[in-house]
Amino acid sequence: MGHEDDGGRVFAPHTEVVRLGRDPLRFDGFVNTPVVRGSTVLSPTYDDLVHHRGRYSYGRRGNPTTEALEGALQALEGSDGVVLTPSGLSACGLGLLSVLGAGDHLLMVDTVYKPTRLICDTVLKRLGVATTYYDPLVGAGIADLIGPNTRAIFLESPGSQSFEMQDVPAITAIARARGITTLIDNTWATPLFFKPHAFGVDVSIQAGTKYIGGHADLNLGTVSAVGPAWRKVHDTHGTLGITISPDDAALGARGLRTMAVRLERHHASGLEIARWLEGRPEVSRVLHPALPTDPGFAIWSRDFTGASGLFSFILKPVPERAMATFFDALALFGMGYSWGGYESLAIPFDCADYRTATTWKVEGPAVRIHIGLEDVDDLKSDIDQAFAKMRAAAG
Ligand SMILES: *Cc1c(COP(=O)(O)O)cnc(C)c1O
């Protein structure tokens, strides 16, 4: 099995995540690629050494375990290559550092994952890169924000916490025409539900921590790229010496095997609970692009083939102590950051204190939830009993 013997056949995603990045016959028949630990790689002869004839040269530059995961992701993304980084945030940083330099201008979506802003506002700023934040709903209006030094446009769709959908092809068409590199944080959809490169994006980034890992036991970043951007990402990754452990690569590959089934369940349960929340008297609005009532639905249904388990809702106004009662009463939803694992999570959030290009004004407290793989009726009854305690606390 492997890429070589498939005669160029294209398989469905459920098949691809099972078969990609495995080569059992190369490893004495073992189904999974072994965890290869190592820094030094020996050459059999002087000639092989000086002419770099080996498949591997040094642990930092990759080994069979990291290469297997990179190859699998490259096929899923449909790209020229993928590199792995130790976290999703470092993948965002690597993508930006690969394509920007002193004097350049970056257009960054205002709804980006908050820590990615810090990269722009500190490291990139210090290196002489200027950032302008833009409204995620800008669409083709991005053209008006492009200046003579604009080198890159960064997207995230749907946006972190508030889930606005971006018109990706409208933006990439303008960027391509002007020779501007586009990057996207595609963690929410993964390449199973949205394929950025097919929509003209040059650099596709994932926090593999979320759905690739899938078990809340891994931090991982992936950067996929096409065209001239691939060389830049590849070289910057190597030059900076970014590498991940083979154990983490093996965990990523293991997560990949079940990712399609897990995402199918996250999609179904997430949508079911989103619809149910829409009908609840405690809830003012649900922010989920796969709901027909959501302003992002038209773009989501045009470009995406599924939705993951992460979305938000706005409560009707309640005092903060009632909110605290709601969160403390949840038994099946853990309170904690990150998401994408098998377990359900909930956090309060407020975008008002950090967004700069858009205004976040909502009618009540905002809650972000991740719907895990638990039984969906158990999750509903858990929220139901927490709402009851919240109402009692609100008086
Ligand atoms: C979590 C997350 C990241 C960062 O991933 P880490 O592995 O925690 O660094 C980046 N982008 C998005 C959209 C995320 O949700």
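Since the structure is predicted, the reported quantities are computational estimates derived from the model, not experimental observations. (Residues numbered from 1 in each chain as written. Predicted model: local features only at pLDDT ≥ 70, side-chain atom pairs only at ≥ 80, totals over all residues. Heavy atoms only, no water.)

Caption draft 1: Structural view of the overall build of the protein. Helices and strands together make up the secondary structure of the protein, namely twelve helices and eleven strands. Relative to a compact globule of 395 residues, whose C-alpha radius of gyration would be 21 Å, the protein shows 22 Å and is just as compact. Judged by the C-alpha coordinates and their principal axes, the protein covers about 80 × 55 × 35 Å. Within the protein, counting contacts between residues at least 6 apart in sequence, those at least 24 apart form 73% of the total. (Helix = DSSP H or I, 4+ residues; strand = E, 2+ residues; numbered from the N terminus. Rg over C-alpha atoms; globule rule 2.2 N^0.38 Å. Contact = heavy atoms within 4.5 Å.)

Caption draft 2: Region of the structure containing the side chain of Ser308. Tracing the chain through its elements places Ser308 in the loop between α10 (297–303) and β9 (310–315). In this structure Ser308 comes out as buried when scored by relative accessible area, which is 0%. One polar contact links the side chain of Ser308 to the main-chain carbonyl oxygen of Trp188, over a distance of 2.9 Å. Those residues in contact with Ser308 that lie beyond four places of it in its chain are Trp188, Phe193, Tyr211, Leu263, His266, His267 and His288. (Buried < 20%, exposed > 50% of the residue type's maximum accessible area, 1.4 Å probe, protein only. Polar contact = N/O pair within 3.5 Å; in protein donor to acceptor, adjacent residues only side chain to side chain.)

Caption draft 3: Region of interest: the domain arrangement of the protein. Each assigned domain of the protein is listed here: domain 1 (66–254) and domain 2 (256–394). On a C-alpha basis, the centroid separation for the pair domain 1 and domain 2 is 25 Å. Taken together, both faces of the contact between domain 1 and domain 2 bury some 3600 Å²; the carbon and sulfur share is 64%. There are one salt bridge connecting domain 1 and domain 2. Put simply, domain 1 and domain 2 have 25 residue pairs in polar contact (both at pLDDT 80 or more) between them. (Domains from an automatic or database assignment. Buried area = accessible area lost by both parts, 1.4 Å probe. Salt bridge = Lys/Arg side-chain N within 4 Å of Asp/Glu carboxyl O.)

Caption draft 4: Representation of the sheet that holds strand β3 (residues 130–134). Ordered by their spatial adjacency, seven strands build an open sheet running β1-β7-β6-β5-β4-β2-β3, and the pairing between neighbours is mixed. Unpaired on one side and paired on the other, β1 (81–85) and β3 mark the two borders of the sheet. The mean inter-strand angle of the sheet, taken between neighbouring strand axes irrespective of direction, is 20°. Bridging between strand β2 (residues 105–109) and β3 involves five bridges; their strand directions are parallel. Bridging from a neighbouring strand, Leu107 pairs with Thr132 of β3. Contacts from helix α3 (residues 64–77) reach β1, β6 (203–207) and β7 (221–225) within the one sheet, and its direction differs from that of β1 by about 130°. Across the face of the sheet, helix α8 (residues 228–239) comes into contact with β1, β5 (181–185), β6 and β7 while running at roughly 30° to β1. (Pairing = 2+ DSSP bridges. Axes fitted to C-alpha atoms, helices over the stretch in contact; angles between N-to-C directions.)

Caption draft 5: The arrangement of the side chain of Asp185 in detail. Along the chain, Asp185 falls in strand β5. No salt bridge forms around the buried Asp185; measuring N to O, its nearest opposite-charge neighbour Lys210 is 7.3 Å away. A polar atom in the side chain of Asp185 sits 2.7 Å from the side chain of Thr187. Beyond its immediate stretch of four places on either side in the chain, Asp185 contacts Cys92, Tyr113, Phe154, Leu155, Glu156, Ser157 and Ile205. (Lys, Arg positive; Asp, Glu negative; His and termini not counted.)

Caption draft 6: Structural view of helix α6 (residues 168–178). Taken together, the buried positions of α6 are occupied by Val168, Ile171, Thr172, Ile174 and Ala175. Projected down its long axis, α6 shows its buried positions confined to an angular sector of 160°, all on one face. On its buried face, α6 is in contact with β3, β4 (150–156) and β5. Between the side-chain oxygen of the N-cap and the backbone nitrogen of Ala170 there are 3.3 Å, and the N-cap of α6 in question is Asp167. At the exit of α6 stands Gly179, carrying a positive phi of roughly 70°. (Arc of directions from axis to C-beta.)

Caption draft 7: Structural view of the environment of His237. Looking at where His237 falls in the secondary structure, it is placed in helix α8. Every residue in contact with His237, bar those within four places of it in the chain, is listed here: Val83, Leu84, Thr85, Leu94 and Ile242. Reaching out from His237, the side chain makes a polar contact with the backbone oxygen of Leu84 at a distance of 2.7 Å.

Caption draft 8: Spatial organisation of helix α4 (residues 88–99). The first and last C-alpha atoms of α4 sit 17 Å apart over twelve residues, in line with the 16 Å expected at 1.5 Å per residue. Of all twelve residues that make up α4, nine are buried, and the element is covered over most of its length. All of the buried residues along α4 are Gly88, Ala91, Cys92, Gly93, Leu94, Gly95, Leu96, Ser98 and Val99. (Expected span 1.5 Å × (residues − 1).)

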